[in-house]
Amino acid sequence: MTSANSASDTTGGDLRIPRHVAIIMDGNGRWAQSRGRPRAFGHSRGVEAVRATVQAAGDMGITQLTVFSFSTENWNRPAEEVGALFDLMGRYVRADLASLDKKGVRIRILGRRDGLNDDLLRIIEDAETRTQDNTAFQLNIAFNYGGRDEIVRATRTLGEKIRCGQLDPEVIDEDVFSQALDTHDLDDVDLLIRTSGEMRISNFLLWQAAYAEMIFMDVLWPDFDGDHLRKALEEFSSRNRRYGGLDAGAA
Ligand code: IPE
Ligand code: IPE
Ligand code: MG
(Lines give C-alpha, C1' and ligand atoms only; values in the text may rest on other atoms or scores of the structure.)
(Ligands and ions follow the chains in the order given, each with its own letter.)
Protein backbone atom coordinates (compact mmCIF):
# COMPACT_ATOMS: atom_id res chain seq x y z
CA MET A 1 0.00 0.00 0.00
CA THR A 2 1.40 3.39 -0.88
CA SER A 3 0.27 6.50 0.88
CA ALA A 4 -0.12 10.09 -0.23
CA ASN A 5 2.13 11.15 2.61
CA SER A 6 4.69 8.40 2.66
CA ALA A 7 7.40 10.98 3.35
CA SER A 8 6.90 10.45 7.07
CA ASP A 9 6.03 6.77 7.05
CA THR A 10 7.47 3.59 5.70
CA THR A 11 5.42 0.84 4.19
CA GLY A 12 5.35 -2.57 5.88
CA GLY A 13 3.04 -5.04 4.15
CA ASP A 14 -0.56 -3.85 4.47
CA LEU A 15 0.32 -1.61 7.34
CA ARG A 16 1.68 1.87 7.08
CA ILE A 17 4.31 1.99 9.78
CA PRO A 18 4.60 5.26 11.69
CA ARG A 19 8.16 6.33 12.38
CA HIS A 20 7.48 7.77 15.81
CA VAL A 21 4.79 6.36 18.10
CA ALA A 22 4.00 8.00 21.44
CA ILE A 23 1.90 6.36 24.12
CA ILE A 24 0.09 7.82 27.12
CA MET A 25 0.12 4.70 29.27
CA ASP A 26 -3.01 5.30 31.30
CA GLY A 27 -5.25 3.14 33.48
CA ASN A 28 -2.84 1.37 35.83
CA GLY A 29 -4.71 2.53 38.92
CA ARG A 30 -8.12 1.44 37.64
CA TRP A 31 -6.69 -1.89 36.52
CA ALA A 32 -5.40 -2.58 40.05
CA GLN A 33 -8.42 -1.22 41.88
CA SER A 34 -10.82 -3.34 39.84
CA ARG A 35 -8.90 -6.31 41.23
CA GLY A 36 -8.99 -5.01 44.80
CA ARG A 37 -5.24 -4.35 44.73
CA PRO A 38 -3.25 -1.19 45.53
CA ARG A 39 -2.56 1.22 42.67
CA ALA A 40 1.17 0.45 42.84
CA PHE A 41 0.38 -3.11 41.76
CA GLY A 42 -1.10 -1.69 38.56
CA HIS A 43 2.03 0.36 37.97
CA SER A 44 4.26 -2.63 38.39
CA ARG A 45 2.14 -4.69 35.97
CA GLY A 46 2.32 -1.70 33.64
CA VAL A 47 6.06 -2.27 33.35
CA GLU A 48 5.36 -5.69 31.83
CA ALA A 49 3.20 -3.97 29.21
CA VAL A 50 6.07 -1.58 28.47
CA ARG A 51 8.39 -4.53 27.88
CA ALA A 52 5.90 -6.24 25.57
CA THR A 53 5.24 -3.01 23.68
CA VAL A 54 8.91 -2.15 23.12
CA GLN A 55 9.46 -5.62 21.70
CA ALA A 56 6.33 -5.50 19.52
CA ALA A 57 7.12 -2.01 18.24
CA GLY A 58 10.60 -3.10 17.16
CA ASP A 59 9.21 -6.25 15.53
CA MET A 60 6.69 -4.17 13.55
CA GLY A 61 9.34 -1.84 12.17
CA ILE A 62 8.61 1.20 14.33
CA THR A 63 11.92 2.93 15.06
CA GLN A 64 10.99 5.54 17.66
CA LEU A 65 8.77 5.01 20.68
CA THR A 66 8.06 7.52 23.43
CA VAL A 67 6.18 6.40 26.54
CA PHE A 68 4.73 8.73 29.16
CA SER A 69 5.50 7.34 32.58
CA PHE A 70 5.42 10.29 35.00
CA SER A 71 4.06 13.75 34.30
CA THR A 72 4.97 17.04 35.97
CA GLU A 73 1.36 16.99 37.23
CA ASN A 74 1.70 13.52 38.76
CA TRP A 75 3.44 15.18 41.74
CA ASN A 76 -0.14 15.94 42.83
CA ARG A 77 -0.56 12.28 43.81
CA PRO A 78 0.06 10.93 47.33
CA ALA A 79 3.77 10.72 48.23
CA GLU A 80 3.52 6.97 48.56
CA GLU A 81 2.38 6.55 44.95
CA VAL A 82 5.00 9.02 43.66
CA GLY A 83 7.63 7.04 45.56
CA ALA A 84 6.43 3.78 44.04
CA LEU A 85 6.59 5.26 40.52
CA PHE A 86 10.14 6.57 41.07
CA ASP A 87 11.21 3.25 42.47
CA LEU A 88 9.75 1.36 39.51
CA MET A 89 11.41 3.67 36.99
CA GLY A 90 14.84 3.04 38.51
CA ARG A 91 14.25 -0.68 38.76
CA TYR A 92 13.00 -0.98 35.18
CA VAL A 93 15.95 0.85 33.66
CA ARG A 94 18.45 -1.02 35.82
CA ALA A 95 16.91 -4.42 35.10
CA ASP A 96 16.46 -3.98 31.33
CA LEU A 97 19.45 -1.85 30.38
CA ALA A 98 21.75 -4.69 29.38
CA SER A 99 19.17 -6.46 27.20
CA LEU A 100 17.97 -3.22 25.59
CA ASP A 101 21.56 -2.25 24.87
CA LYS A 102 22.23 -5.65 23.34
CA LYS A 103 19.24 -5.19 21.02
CA GLY A 104 20.62 -1.85 19.82
CA VAL A 105 18.11 0.32 21.67
CA ARG A 106 19.12 3.91 22.34
CA ILE A 107 17.50 5.25 25.49
CA ARG A 108 16.64 8.85 26.23
CA ILE A 109 14.78 10.21 29.22
CA LEU A 110 12.63 13.27 28.45
CA GLY A 111 11.68 15.72 31.17
CA ARG A 112 12.98 17.79 34.08
CA ARG A 113 16.02 16.44 35.86
CA ASP A 114 15.47 18.47 39.00
CA GLY A 115 13.26 16.63 41.44
CA LEU A 116 14.96 13.32 40.62
CA ASN A 117 17.11 11.83 43.37
CA ASP A 118 20.82 11.17 42.84
CA ASP A 119 20.31 7.45 42.54
CA LEU A 120 17.76 7.77 39.73
CA LEU A 121 19.85 10.46 38.02
CA ARG A 122 22.83 8.11 37.97
CA ILE A 123 20.75 5.26 36.53
CA ILE A 124 19.30 7.51 33.83
CA GLU A 125 22.61 9.06 32.87
CA ASP A 126 24.25 5.66 32.74
CA ALA A 127 21.48 4.32 30.46
CA GLU A 128 21.75 7.28 28.10
CA THR A 129 25.53 7.17 27.93
CA ARG A 130 25.78 3.43 27.54
CA THR A 131 23.25 3.33 24.67
CA GLN A 132 24.11 6.60 22.93
CA ASP A 133 25.66 4.97 19.86
CA ASN A 134 22.87 2.43 19.33
CA THR A 135 20.84 2.88 16.17
CA ALA A 136 18.32 0.01 15.91
CA PHE A 137 15.55 1.58 17.97
CA GLN A 138 14.98 4.79 19.92
CA LEU A 139 13.17 4.43 23.25
CA ASN A 140 12.24 7.64 24.99
CA ILE A 141 10.83 7.54 28.49
CA ALA A 142 9.03 10.73 29.47
CA PHE A 143 9.58 10.92 33.20
CA ASN A 144 8.93 14.08 35.22
CA TYR A 145 7.85 15.40 31.85
CA GLY A 146 5.36 18.08 30.85
CA GLY A 147 4.97 19.51 27.36
CA ARG A 148 4.61 23.08 28.59
CA ASP A 149 7.57 22.68 30.90
CA GLU A 150 9.68 21.37 28.02
CA ILE A 151 8.75 24.36 25.86
CA VAL A 152 9.57 26.79 28.68
CA ARG A 153 12.95 25.10 29.29
CA ALA A 154 13.74 25.25 25.56
CA THR A 155 12.86 28.95 25.53
CA ARG A 156 15.19 29.58 28.45
CA THR A 157 18.01 27.72 26.72
CA LEU A 158 17.60 29.86 23.60
CA GLY A 159 17.28 33.00 25.73
CA GLU A 160 20.56 32.21 27.47
CA LYS A 161 22.28 31.80 24.12
CA ILE A 162 20.94 35.13 22.95
CA ARG A 163 22.14 36.79 26.16
CA CYS A 164 25.63 35.35 25.68
CA GLY A 165 25.71 36.56 22.09
CA GLN A 166 25.79 33.01 20.70
CA LEU A 167 22.42 33.23 18.96
CA ASP A 168 20.74 35.84 16.81
CA PRO A 169 16.97 35.92 17.54
CA GLU A 170 16.38 36.41 13.83
CA VAL A 171 17.54 32.86 13.08
CA ILE A 172 15.03 31.20 15.43
CA ASP A 173 12.60 29.20 13.37
CA GLU A 174 10.71 25.95 14.01
CA ASP A 175 13.79 23.83 13.32
CA VAL A 176 16.00 25.82 15.67
CA PHE A 177 13.31 25.68 18.34
CA SER A 178 12.86 21.91 17.89
CA GLN A 179 16.57 21.42 18.46
CA ALA A 180 16.25 23.02 21.89
CA LEU A 181 13.58 20.53 22.98
CA ASP A 182 14.24 17.25 24.81
CA THR A 183 13.37 15.43 21.57
CA HIS A 184 16.08 17.15 19.47
CA ASP A 185 17.14 14.97 16.51
CA LEU A 186 13.96 12.86 16.68
CA ASP A 187 11.04 12.91 14.26
CA ASP A 188 7.71 14.48 15.09
CA VAL A 189 5.13 12.08 16.50
CA ASP A 190 3.15 10.30 13.76
CA LEU A 191 0.84 8.33 16.01
CA LEU A 192 -0.26 9.15 19.56
CA ILE A 193 -2.03 6.37 21.44
CA ARG A 194 -3.77 6.81 24.78
CA THR A 195 -5.12 3.86 26.70
CA SER A 196 -7.86 3.72 29.36
CA GLY A 197 -10.56 5.48 27.34
CA GLU A 198 -9.62 9.02 28.40
CA MET A 199 -9.53 11.40 25.46
CA ARG A 200 -7.07 14.11 26.34
CA ILE A 201 -3.41 14.90 25.79
CA SER A 202 -2.59 15.66 29.48
CA ASN A 203 0.39 17.90 28.61
CA PHE A 204 2.25 15.25 26.58
CA LEU A 205 4.48 16.22 23.60
CA LEU A 206 2.49 19.37 22.82
CA TRP A 207 4.95 20.56 20.19
CA GLN A 208 5.89 17.20 18.67
CA ALA A 209 2.32 15.92 18.32
CA ALA A 210 1.12 18.95 16.32
CA TYR A 211 0.16 16.67 13.40
CA ALA A 212 0.01 13.30 15.12
CA GLU A 213 -2.87 10.97 14.42
CA MET A 214 -4.55 10.23 17.75
CA ILE A 215 -5.99 6.91 18.76
CA PHE A 216 -7.83 6.43 22.04
CA MET A 217 -8.23 2.84 23.13
CA ASP A 218 -10.49 1.41 25.82
CA VAL A 219 -7.89 -1.04 27.13
CA LEU A 220 -6.25 -0.30 30.52
CA TRP A 221 -2.46 -0.02 30.19
CA PRO A 222 -1.45 -3.26 32.01
CA ASP A 223 -3.56 -5.23 29.48
CA PHE A 224 -1.98 -3.53 26.44
CA ASP A 225 0.13 -5.79 24.21
CA GLY A 226 1.34 -6.30 20.66
CA ASP A 227 -2.18 -7.07 19.42
CA HIS A 228 -3.41 -3.69 20.61
CA LEU A 229 -0.44 -2.00 18.97
CA ARG A 230 -1.20 -3.80 15.72
CA LYS A 231 -4.84 -2.66 15.90
CA ALA A 232 -3.66 0.90 16.40
CA LEU A 233 -1.39 0.61 13.34
CA GLU A 234 -4.31 -0.72 11.29
CA GLU A 235 -6.39 2.28 12.29
CA PHE A 236 -3.43 4.61 11.60
CA SER A 237 -3.02 3.05 8.15
CA SER A 238 -6.60 3.95 7.28
CA ARG A 239 -6.18 7.62 8.22
CA ASN A 240 -5.69 10.28 5.62
CA ARG A 241 -3.01 12.72 6.76
CA ARG A 242 -3.41 15.99 4.94
CA TYR A 243 -1.18 18.43 6.89
CA GLY A 244 -3.49 21.28 5.93
CA GLY A 245 -3.37 20.38 2.23
CA LEU A 246 -5.82 18.47 0.08
CA ASP A 247 -6.23 14.78 -0.75
CA ALA A 248 -4.15 13.61 -3.69
CA GLY A 249 -6.36 14.08 -6.74
CA ALA A 250 -8.70 16.58 -5.05
CA ALA A 251 -7.06 19.66 -6.53
C1 IPE B 1 -1.01 5.71 34.38
O2 IPE B 1 -1.99 5.11 35.15
C3 IPE B 1 0.31 5.83 35.08
C4 IPE B 1 0.60 7.19 35.54
C5 IPE B 1 -0.10 8.26 35.30
C6 IPE B 1 1.79 7.36 36.33
P7 IPE B 1 -2.80 5.91 36.24
O8 IPE B 1 -2.08 5.81 37.53
O9 IPE B 1 -3.12 7.28 35.80
O10 IPE B 1 -4.13 5.04 36.31
P11 IPE B 1 -5.62 5.58 36.41
O12 IPE B 1 -5.81 6.54 35.28
O13 IPE B 1 -5.76 6.24 37.74
O14 IPE B 1 -6.46 4.36 36.26
C1 IPE C 1 -1.07 11.02 32.03
O2 IPE C 1 -1.96 10.27 32.78
C3 IPE C 1 0.32 10.87 32.53
C4 IPE C 1 0.92 9.55 32.36
C5 IPE C 1 0.41 8.54 31.72
C6 IPE C 1 2.24 9.41 32.91
P7 IPE C 1 -2.76 10.89 34.01
O8 IPE C 1 -3.60 9.80 34.56
O9 IPE C 1 -1.84 11.56 34.95
O10 IPE C 1 -3.65 12.00 33.29
P11 IPE C 1 -4.98 12.73 33.77
O12 IPE C 1 -4.72 13.31 35.11
O13 IPE C 1 -6.07 11.70 33.81
O14 IPE C 1 -5.24 13.76 32.71
MG1 MG D 1 -4.61 8.12 34.75
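In this report, the structure presented in the accompanying data block is examined. For clarity, every value in this text was computed on a predicted model and none was experimentally measured.

Conventions used here
Residues numbered from 1 in each chain as written. Chains lettered and ligands numbered in written order. Predicted model: local features only at pLDDT ≥ 70, side-chain atom pairs only at ≥ 80, totals over all residues. Heavy atoms only, no water. Helix = DSSP H or I, 4+ residues; strand = E, 2+ residues; numbered from the N terminus. Buried < 20%, exposed > 50% of the residue type's maximum accessible area, 1.4 Å probe, protein only. Core = buried A, V, L, I, M, F, W, Y, C linked by side-chain atoms within 4.5 Å. Contact = heavy atoms within 4.5 Å. Near = heavy atom within 4 Å. Polar contact = N/O pair within 3.5 Å; in protein donor to acceptor, adjacent residues only side chain to side chain. Areas by Shrake-Rupley, 256 points an atom, 1.4 Å probe, with all protein chains shown as cover. Nonpolar A, V, L, I, M, F, W, Y, C, P; charged D, E, K, R; others polar. Axes fitted to C-alpha atoms, helices over the stretch in contact; angles between N-to-C directions. Parallel < 35°, antiparallel > 145°, perpendicular 65-115°, else oblique. Left-handed = near helix turned anticlockwise from the far one by under 90°. Phe/Tyr/Trp six-rings, centres within 6.5 Å; stacked < 30°, edge-to-face > 60°.

1. Regarding unusual backbone geometry
Link 1 in the chain: Here N144, not a glycine, exhibits a phi torsion of approximately 60 degrees, which is positive.
Link 2 in the chain: With respect to the secondary-structure elements, N144 resides in strand β6 (residues 137–145).
Link 3 in the chain: A relative accessible area of 1% means that N144 is categorised as buried.
Link 4 in the chain: Even without a glycine there, the phi angle at S196 is positive, about 85 degrees.
Link 5 in the chain: Here S196 lies in the loop between β7 (191–194) and β8 (213–216).

2. Observations regarding the nonpolar core
Link 1 in the chain: Counting 49 residues, the largest nonpolar core has I23, L65, Y92, L139, I141, F143 and I193 as the members making the most contacts within it.
Link 2 in the chain: Top element by residues in this core is helix α3 (residues 79–102). It accounts for 9 residues.
Link 3 in the chain: Leave out the neighbours within four places in its chain, and I23 touches T53, L65, T66, V67, F68, I193, F204, W221 and F224.
Link 4 in the chain: If you look at the next biggest cluster of nonpolar residues, it comprises 12 residues, including A142, Y145, L205 and A212.

3. Some details on the site of ligand 2
Link 1 in the chain: In the neighbourhood of ligand 2, the contacting residues comprise I24, M25, D26, F68, S69, F70, N74, R77, R194, R200 and S202.
Link 2 in the chain: Take R200: an N or O atom from its side chain is 2.7 Å from an oxygen atom of ligand 2.
Link 3 in the chain: When isolated, ligand 2 has an accessible area of 390 Å², and the protein chains bury 78% of it.
Link 4 in the chain: If you tally residues by element for the shell around ligand 2, the top one is strand β4 (residues 64–71), at 3 residues.
Link 5 in the chain: Of the residues in the shell around ligand 2, the class split is 4 nonpolar, 3 polar and 4 charged.

4. Examining the packing of helix α2 (residues 39–60) against α3
Link 1 in the chain: Where α2 meets α3, the axes come as close as 10 Å, and the angle between the chain directions of the two elements is 25 degrees. For the element pair α2 / α3, the angle class is roughly parallel. Both α2 and α3 take part in a crossing whose hand is right-handed. Counting all contacts with α2, which are made through R39, A40, H43, S44, V47, V50, R51 and V54, the residues of α3 involved are E81, A84, L85, L88, Y92, A95, D96 and L100.
Link 2 in the chain: Grouping the constituent residues of the contact of α2 with α3 by class yields 10 nonpolar, 2 polar and 4 charged.

5. What to know about the packing of α3 against helix α4 (residues 118–130)
Link 1 in the chain: At their nearest, the axes of α3 and α4 sit 10 Å apart, and the two run at 25 degrees to each other. Judged by the angle between their axes, α3 and α4 are roughly parallel. Regarding α3 and α4, the two cross each other, and that crossing is left-handed. Contacts between α3 and α4 pair F86, M89, G90, V93, R94, L97, A98 and D101 from the former with D119, L120, I123, D126, A127 and R130 from the latter.

6. Side note on the site of ligand 1
Link 1 in the chain: As a structural note, the neighbourhood of ligand 1 is formed by 13 residues, with D26, G29, R30, R39 and R77 the closest of them.
Link 2 in the chain: G27 is positioned such that a nitrogen or oxygen atom in its backbone is 3.3 Å from an oxygen atom of ligand 1.
Link 3 in the chain: R30 is positioned such that a nitrogen or oxygen atom in its side chain is 2.8 Å from an oxygen atom of ligand 1.
Link 4 in the chain: Surface burial for ligand 1 is 87%, taken as the share of its 370 Å² of free accessible area covered by protein chains.
Link 5 in the chain: Where the shell around ligand 1 is concerned, the elements lending two or more residues are α1 (28–33), α2 and α3.
Link 6 in the chain: With 3 residues, α1 is the single largest residue contributor to the shell around ligand 1.

7. Digging into the packing of aromatic side chains
Link 1 in the chain: Here the structure, examined in full by the defined rule, presents 12 aromatic pairs.
Link 2 in the chain: Aromatic side chains F68 and F204 sit 4.3 Å apart centroid to centroid with 5 degrees between the ring planes, which places their arrangement in the stacked category. Highlighted residues: F68 in strand β4 and F204 in the loop between β7 and β8, separated in sequence by 136 residues.
Link 3 in the chain: Residue classification places F68 among the buried positions, given a relative accessible area of 8%.
Link 4 in the chain: Summarising the aromatic geometry, the rings of W75 and F86 are spaced 5.3 Å apart at their centres and angled 55 degrees between planes, so their arrangement reads as tilted. Here W75 is found in the loop between β4 and α3, whereas its partner F86 is found in helix α3, with 11 residues between them in sequence.

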